[in-house]
Number of protein chains: 2
Amino acid sequence: MQMTVHEAPLSAPNCGNCQIRHRAVCARCETDELEALDSIKFYRSFEAGQTLLWSGDRMDFVASVVSGVATLTQVMEDGRTQTVGLLFPSDFVGRPGRDKAPYNVIATTDLLMCCFRKKPFEELMGRTPHIGQRLLEMTLDELDAAREWMLLLGRKTAREKIASLLAIVARREASLHLKVPQGRMIFDLPLTREAMADYLGLTLETVSRQMSALKRDGIIVLEGKRHVVVPSFDRLLEEAGDDADGGLVG
Amino acid sequence: MQMTVHEAPLSAPNCGNCQIRHRAVCARCETDELEALDSIKFYRSFEAGQTLLWSGDRMDFVASVVSGVATLTQVMEDGRTQTVGLLFPSDFVGRPGRDKAPYNVIATTDLLMCCFRKKPFEELMGRTPHIGQRLLEMTLDELDAAREWMLLLGRKTAREKIASLLAIVARREASLHLKVPQGRMIFDLPLTREAMADYLGLTLETVSRQMSALKRDGIIVLEGKRHVVVPSFDRLLEEAGDDADGGLVG
DNA sequence: TGCATTCTTTGATCTGGGTCAATGTGGCAA
DNA sequence: TTGCCACATTGACCCAGATCAAAGAATGCA
């Protein structure tokens, strides 16, 4: 499927020409490979809330996120929903060698994707080993992140879950924007309370309550619903219940 | 680390020479590549309960399971434990390009592993593209399995969790042993109640209770603690709460 | 043959987070 | 400027699964 797709400006922000602030498949490419990538890429933009792909859809491209945030989500027949991955700028989605999307892909903010047509991308992979290596590396990172999340889903309390999510978002958002000294961090949540709940295996009410509790306890300062200030990142990590925080998400 | 390692018989069951009942890295290898694999492989056997690797250990080999079952397990500082992967015969463990084990690897039954020394394995990978492809494929399978499990951990009830686990074990064990007609399945659980609990994000008491409940309801027949008969596999899948059961584990 | 150990089952009780319901809030459209 | 709508918070109550505790198997070993 594909819903109304907004054409993106032609001169999209540093993608394809590898001005890597987004680490992508082309991290180590030479000029000719970059040209090859350029020739098979196109941009797509989506609005917050749009579903880019439904589970089972044919997927004829692979892509990396240029800006915005998307989720990978699984839904049971009775509607129970679990988000299984968060995509931030520079994250990759799609799998060479497979042609069906295994989950719903949903934009949780306005989103710009840099897409590569799959067939030619696979051909390029065939003659450029390091792209395959990079992909394996990225997939292993995602696997580690998924397994980290399994620990969270299976064993952490609601408060720890929220703190863990905030820590991950803080890391990812902070890496994009300004850094503030002394472990202080400021960012906007790219997720609604419901989307947070779906990622954490909670209800949105519990998310809301725990957010309030963290606020009451001074772990975070909320300005509006989405804007978060973390006075001490270390303190937040303590609440998250693990210091060995892998926390790479995909 | 490495604990007491029992030397395995030299003529180990069809591994390395690719008599594939265990799909492994060498699924499509030619004679010379097989010889190369042969020259860098060795066998290790472990007893039920032994920890093969501790999280953070240097891992100088990659391996595939010949017989027996192992788990990949994460532990929080306070002891809370979550199993993040189950390894059955033919499953692969280890990651080229990385040298530390990211989880504890524990034998839950007596276990025989076919190991390949990592350095030469990576070199072989370098000059044999399809091994890398195969590895990417396997890693994507594991990722799918991990994400399937995230849905289970985040959204399924205790009964559904148990049924899902039984279904997966039944599939994997049944693929090794005889097939019984008409959806009837018979197998031995390769896990203690506690190991099941760690994989499902439950306590062992809840596992025990739900096993009793499934037995009471005729979904399974228990003979002893480990031997399970599933009169109707379809019925079991219904209890698991998903028909779209990916259920590949690793 | 007996007893010790490890794994498992079962019961009684407690509680974190779910459910149901009402109320608050901020942004936008008319 | 009002009123709507989507999102968020808060409260009251409940229940699935955790916790605490006590018996059963099954196995091995002296």
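Refer to the structure above for everything that follows.
Values in this document were obtained by computation on a predicted structure and should not be read as measured data. (Residues numbered from 1 in each chain as written. Chains lettered and ligands numbered in written order. Predicted model: local features only at pLDDT ≥ 70, side-chain atom pairs only at ≥ 80, totals over all residues. Heavy atoms only, no water.)

1. Some thoughts on the pairing of strand 11 (residues 227–230) of chain B
Residue and element names in this part refer to chain B.
Here comes step 1: Bridge count for strand 9 (residues 185–188) against strand 11 is four bridges, and the pairing is antiparallel. The residue of strand 11 that forms the bridge with Asp 188 is His 227.
Here comes step 2: Bridge analysis of strand 10 (residues 221–223) against strand 11 gives three bridges, and the strand direction is antiparallel. Residue pairing in the sheet places Glu 223 in a bridge with His 227 of strand 11.
Here comes step 3: Here strand 10 hands over to strand 11 after three residues, with Gly 224 in that stretch at a positive phi of 75°. (Pairing = 2+ DSSP bridges. Helix = DSSP H or I, 4+ residues; strand = E, 2+ residues; numbered from the N terminus.)

2. Side note on the interface of chain B and chain A
Here comes step 1: Facing the 46 residues of chain B at the interface are 46 residues of chain A.
Here comes step 2: Summed over both partners, the interface of chain B with chain A comes to about 3900 Å²; 54% of that surface belongs to carbon and sulfur atoms.
Here comes step 3: Ranking the residues of chain B by area buried against chain A places B:Arg147, B:Met150 and B:Arg155 at the top, with a combined share of 22%.
Here comes step 4: Across the contact surface, chain B and chain A share twelve salt bridges.
Here comes step 5: For A:Glu160, the salt bridge goes to B:Arg80, with nearest N and O atoms at 2.8 Å.
Here comes step 6: If you look at where chain B meets chain A, you find 28 residue pairs in polar contact (both at pLDDT 80 or more).
Here comes step 7: Secondary structure elements with two or more residues in the side of chain B that touches chain A: strand 4 (70–75), strand 5 (81–87), helix 3 (129–155) and helix 5 (193–200) of chain B.
Here comes step 8: For the side of chain B that touches chain A, the element with the most residues is helix 3 of chain B, which contributes 18 residues.
Here comes step 9: Looking at the side of chain B that touches chain A, its residues break down into 19 nonpolar, eleven polar and 16 charged. (Contact = heavy atoms within 4.5 Å. Buried area = accessible area lost by both parts, 1.4 Å probe. Salt bridge = Lys/Arg side-chain N within 4 Å of Asp/Glu carboxyl O. Polar contact = N/O pair within 3.5 Å; in protein donor to acceptor, adjacent residues only side chain to side chain. Nonpolar A, V, L, I, M, F, W, Y, C, P; charged D, E, K, R; others polar.)

3. Topic: the protein's contact with DNA strand D
Here comes step 1: In the vicinity of DNA strand D lie 18 residues, with A:Arg193, A:Ser208, A:Ser212, B:Thr206 and B:Arg209 positioned nearest.
Here comes step 2: Sugar and phosphate atoms form 60% of the subset of DNA strand D atoms that lie within 4 Å of the protein.
Here comes step 3: Side-chain polar atom of A:Ser208 to a phosphate oxygen of DNA strand D: 2.8 Å apart, as the coordinates give it.
Here comes step 4: If you list the elements that add at least two residues to the surface near DNA strand D, you get helix 6 (204–216) of chain A together with helix 6 (204–216) of chain B.
Here comes step 5: It is helix 6 of chain A that contributes the most residues to the surface near DNA strand D, five residues altogether.
Here comes step 6: Here the residues of the surface near DNA strand D are counted per class, giving three nonpolar, seven polar and eight charged. (Near = heavy atom within 4 Å.)

4. A closer look at the relation of the copies chain B and chain A
Here comes step 1: When chain B is fitted onto chain A, the two copies agree to an RMSD of 0.0 Å after a turn of 180° and an axial shift of 0.0 Å. With respect to symmetry, the two chain copies, as superposed, fit the operation of a two-fold axis.
Here comes step 2: A symmetric contact is evident, with 100% of the interface residues of chain B recurring at the interface of chain A. (Least-squares fit on C-alpha atoms with pLDDT ≥ 70 in both.)

5. Details of the protein's contact with DNA strand C
Here comes step 1: Residues in contact with DNA strand C amount to 18 residues; listed here are only the nearest, A:Thr206, A:Arg209, B:Arg193, B:Ser208 and B:Ser212.
Here comes step 2: Counting only atoms of DNA strand C within 4 Å of the protein, the sugar-phosphate share comes to 59%.
Here comes step 3: A distance of 2.8 Å separates a phosphate oxygen of DNA strand C from a polar backbone atom of A:Ala158.
Here comes step 4: A distance of 2.7 Å is found between a phosphate oxygen of DNA strand C and a side-chain nitrogen or oxygen belonging to B:Ser208.
Here comes step 5: Of all elements in the fold, only helix 6 of chain A together with helix 6 of chain B reach the threshold of two or more residues within the surface near DNA strand C.
Here comes step 6: With five residues, the top contributor of residues to the surface near DNA strand C is helix 6 of chain B.
Here comes step 7: Its residues assigned to classes, the surface near DNA strand C comprises three nonpolar, seven polar and eight charged.

6. Here's the deal with the sheet that holds strand 9 (residues 185–188) of chain A
All names here are of chain A.
Here comes step 1: Strand order in the open sheet formed by three strands is 9-11-10, with antiparallel pairing between adjacent strands. Edge positions in the sheet fall to strand 9 and strand 10 (221–223), since each has one partner strand and no second. For this sheet the average axis-to-axis angle between neighbouring strands, irrespective of direction, equals 20°. (Axes fitted to C-alpha atoms, helices over the stretch in contact; angles between N-to-C directions.)

7. Concerning the pattern of salt bridges
Here comes step 1: Evaluation of the coordinates by the stated rule reveals 32 salt bridges over all chains.
Here comes step 2: A:Arg95 is the salt-bridge partner of B:Asp144, the closest N and O atoms lying 2.7 Å from each other. Separated into two different chains, B:Asp144 in helix 3 and A:Arg95 in the loop between strand 6 (92–93) and strand 7 (104–107) make up a pair that spans both.
Here comes step 3: In this structure, B:Asp141 and A:Arg98 form a salt bridge, with 2.9 Å as the shortest nitrogen-oxygen distance. Residue B:Asp141 is located in helix 3, and its partner A:Arg98 is located in the loop between strand 6 and strand 7; the two belong to separate chains.
Here comes step 4: The class of B:Asp141 is partly exposed, set by a relative accessible area of 24%.
Here comes step 5: In this structure, a network of salt bridges that share partners links the residues A:Arg159, A:Arg216, A:Asp217, A:Arg235, A:Glu238 and A:Glu239. (Buried < 20%, exposed > 50% of the residue type's maximum accessible area, 1.4 Å probe, protein only.)

Such coordinate-based values are descriptive only and should not be taken to indicate function.
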